[in-house]
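# Reading the structure
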Amino acid sequence: MSTAALADPVVPVGDNNLRLTLPDGTAAAALDLAAIPNTAQSPRTPQVVVDAINAAWGQYNLTASIVPATEGADAGKLRVRHNAAGFDQAFSIGANAGIAGMAGAYRGAGAAIG
């Protein structure tokens, strides 16, 4: 989960990329957030970023979402989960300040789902 709620629109910073590393050390293709259009007619909303993550990394059995308001202090944060029970800690996402709240590397955490 990101450490801060995503801005709306999402503004990439640093090198603009999110990186996924799988348990075997395989690095998936980086997701270039700056390549996601951001215009007045088509803003780069948090949901658009979530959709791009799901399209790029869904093949790895991951699902991105925005934490809903019902979860209090975590509302608006980016959440990425593995879809198989027990595997939430089996991947990591790295960013060189790709978006606010995502500087550094984040390993999956939390209770298993599925």
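If you're wondering where the values come from, they're calculated on a predicted model, not measured in any experiment. (Residues numbered from 1 in each chain as written. Predicted model: local features only at pLDDT ≥ 70, side-chain atom pairs only at ≥ 80, totals over all residues. Heavy atoms only, no water.)

## A short note on the environment of isoleucine 93
Secondary-structure assignment places isoleucine 93 in strand β5 (residues 92-95). According to the relative accessible area criterion, isoleucine 93 is buried, its value standing at 6%. In the structure, isoleucine 93 is positioned 75 residues away from leucine 18 in sequence and 6.8 Å away in space, judged by C-alpha atoms. (Helix = DSSP H or I, 4+ residues; strand = E, 2+ residues; numbered from the N terminus. Buried < 20%, exposed > 50% of the residue type's maximum accessible area, 1.4 Å probe, protein only.)

## Digging into the pattern of salt bridges
With the rule as written, the count across this model stands at 2 salt bridges. The residue glutamate 71 makes a salt bridge to arginine 79 at a minimum N-O spacing of 2.7 Å. Judged by relative accessible area, arginine 79 falls into the buried class, the value being 12%. Aspartate 74 serves as the salt-bridge partner of lysine 77, at 2.9 Å between the closest nitrogen and oxygen. Exposure remark for lysine 77: the relative accessible area of 14% places this residue in the buried category. Residue aspartate 74 is classed as partly exposed on the basis of its relative accessible area of 26%. (Salt bridge = Lys/Arg side-chain N within 4 Å of Asp/Glu carboxyl O.)

## Some thoughts on the nonpolar core
Judged by nonpolar contacts, the single largest core of 19 residues is most densely connected at Leu20, Ile53, Trp57 and Leu78. When residues of this core are traced back to their parent elements, those giving at least two are β1 (17-21), α1 (46-57), β3 (62-66) and β4 (78-82). For this core, the element with the highest residue contribution is α1, accounting for 5 residues. (Core = buried A, V, L, I, M, F, W, Y, C linked by side-chain atoms within 4.5 Å.)

## Notes on the environment of alanine 75
Among the structural elements, alanine 75 can be located in the loop between β3 and β4. With residues near it in sequence (within four places) discarded, alanine 75 still touches Ala5, Val67, Pro68 and Ala69. (Contact = heavy atoms within 4.5 Å.)

## What to know about the pairing of β4
The buried fraction of β4 amounts to 4 of the 5 residues, a majority that puts the element mostly inside the structure. The pairing of β3 with β4 spans 5 bridges and is classified as antiparallel. Following the sheet pairing, alanine 64 is matched in β4 by valine 80. (Pairing = 2+ DSSP bridges.)

## Some details on unusual backbone geometry
In this chain, aspartate 8 is followed by proline 9 through a cis amide linkage whose omega measures 10 degrees. Looking at the element boundaries, proline 9 is found in the segment before β1.

Structural measurements only, silent on function.
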